[in-house]
Amino acid sequence: LHSPGVEHCCHNVEKQVKDGLDFWTAWYKAAREVAKLVHGKYYKQRFIDECLQSDEAQSMRHLVKTFSWTLYEGRFGSVALWCSHILPMRKGFSMFYSGNRLGADSKPEDDADDEKQLDVSLLTRTLTSQTWWAECAVVLALQLGVERLRMWSRICPCHGMMGDTE
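Here is a short report on the structure shown in this document. Predicted model only: the values in this text are computed from it and were never measured. (Residues numbered from 1 in each chain as written. Predicted model: local features only at pLDDT ≥ 70, side-chain atom pairs only at ≥ 80, totals over all residues. Heavy atoms only, no water.)

With that settled, the discussion passes to the overall build of the chain. For the chain, the count of helices and strands is 10 helices and 0 strands. For the chain, the N- to C-terminal ordering of α and β elements is α-α-α-α-α-α-α-α-α-α. Counting over 166 residues, the chain shows a buried share of 42%. When contacts within the chain are restricted to residue pairs at least 6 apart in sequence, long-range pairs at least 24 apart make up 73% of them. Summed over all atoms, the accessible surface of the chain reaches about 10000 Å², with 53% contributed by carbon and sulfur. (Helix = DSSP H or I, 4+ residues; strand = E, 2+ residues; numbered from the N terminus. Buried < 20%, exposed > 50% of the residue type's maximum accessible area, 1.4 Å probe, protein only. Contact = heavy atoms within 4.5 Å. Areas by Shrake-Rupley, 256 points an atom, 1.4 Å probe, with all protein chains shown as cover.)

Right, let's talk about the packing of helix 5 (residues 76-86) against helix 9 (residues 130-155) for a bit. To describe two helices that pack against each other, one gives the angle between their axes and the distance between the axes. At a closest axis distance of 9 Å, the pairing of helix 5 and helix 9 adopts a crossing angle of 125°. Considering their axes alone, helix 5 and helix 9 lie oblique with respect to each other. The hand of the helix 5/helix 9 crossing is left-handed. Here Phe76, Gly77, Val79, Ala80, Trp82, Cys83, Ser84 and Ile86 of helix 5 come into contact with helix 9, specifically with Trp132, Trp133, Cys136, Val139, Leu140, Leu142 and Gln143. Residue classes in the contact of helix 5 with helix 9 are distributed as 12 nonpolar, 3 polar and no charged. (Axes fitted to C-alpha atoms, helices over the stretch in contact; angles between N-to-C directions. Parallel < 35°, antiparallel > 145°, perpendicular 65-115°, else oblique. Left-handed = near helix turned anticlockwise from the far one by under 90°. Nonpolar A, V, L, I, M, F, W, Y, C, P; charged D, E, K, R; others polar.)

Of all hydrophobic cores here, the largest spans 43 residues; its most connected members are Trp27, Leu37, Phe47, Trp82, Ile86 and Phe93. Broken down by secondary-structure element, the contributors of at least two residues to this core are helix 2 (24-39), helix 3 (41-51), helix 4 (58-66), helix 5, helix 6 (90-96), helix 8 (120-127) and helix 9. It is helix 2 that provides the largest number of residues to this core, a total of 9 residues. Apart from residues no more than four positions distant in its own chain, phenylalanine 93 is found in contact with Leu37, Val38, Phe47, Met60, Ile86, Leu127 and Trp133. (Core = buried A, V, L, I, M, F, W, Y, C linked by side-chain atoms within 4.5 Å.)

Moving on, we come to the packing of aromatic side chains. Enumeration over the complete set of coordinates arrives at 11 aromatic pairs. Where tryptophan 24 meets tryptophan 27, the ring centres are 5.5 Å apart and the plane angle is 40°; that geometry is what we call tilted. Placement of both tryptophan 24 and tryptophan 27 in helix 2 is noted, with a separation of 3 residues, approximately one turn of the helix. Judged by its relative accessible area of 1%, tryptophan 27 falls in the buried class. Taken together, a centroid distance of 5.6 Å and an interplanar angle of 10° make the contact between tryptophan 24 and tyrosine 28 stacked. Of this pair, tryptophan 24 and tyrosine 28 both sit in helix 2, 4 residues apart, roughly one helical turn. An aromatic cluster of at least three residues, connected via ring pairs, comprises Trp24, Trp27, Tyr28, Phe47, Phe76, Trp82, Phe93, Tyr97, Trp132 and Trp133. (Phe/Tyr/Trp six-rings, centres within 6.5 Å; stacked < 30°, edge-to-face > 60°.)

Attention now moves to helix 9. Between its terminal C-alpha atoms helix 9 stretches 37 Å, which fits the 38 Å expected from 26 residues at 1.5 Å a residue. Every buried residue of helix 9 is listed here: Trp132, Trp133, Glu135, Cys136, Val139, Leu140, Gln143, Val146, Arg150 and Ser153. One side-chain oxygen at the N-terminal end of helix 9 lies 3.3 Å from the backbone nitrogen of threonine 131; it belongs to serine 129. (Expected span 1.5 Å × (residues − 1). Polar contact = N/O pair within 3.5 Å; in protein donor to acceptor, adjacent residues only side chain to side chain.)

The next subject is the state of the cysteines. By the definition in use, this model includes 0 disulfides. Unpaired in this structure, cysteine 83 has its nearest cysteine sulfur neighbour in cysteine 136, at a distance of 3.2 Å. Accessibility expressed as a relative area gives 0% for cysteine 136, which makes it buried. (Disulfide = S-S within 2.5 Å.)

Next comes the structure, spelled out in structure tokens:
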């Protein structure tokens, strides 16, 4: 089966898949709040200090401290990679996250940028939403499908022969 252009098709799917997901806009807005919590230095430390001090939270504390993935420019591939690392933290969030302990909506005092302000109420709704977590899994599954197609095209024996002329 000759399949030229699979890499190109996969790239286009990644660029356009968000347009086909009805939930994307609201889901991504919520994901950005979660990202502020686990990636931003101020909120990450605040979450650790306020919610993850018990001995039972040791594993979650380690996951949060070492979390370094970002939602780079909303690119589907980087968002899906972010999902692959946030999904294993779901149980920890359900066990240890507390919007009340984290505090009211606030931002670092030295930062006047409203985009960096954490919306604790949105974050709380997000982390407790089974729908949001399911949509996160859908994003990851879609990317895995694209990646499998891409990998298949790279190892397909006919692709190695395309340049051969006998």
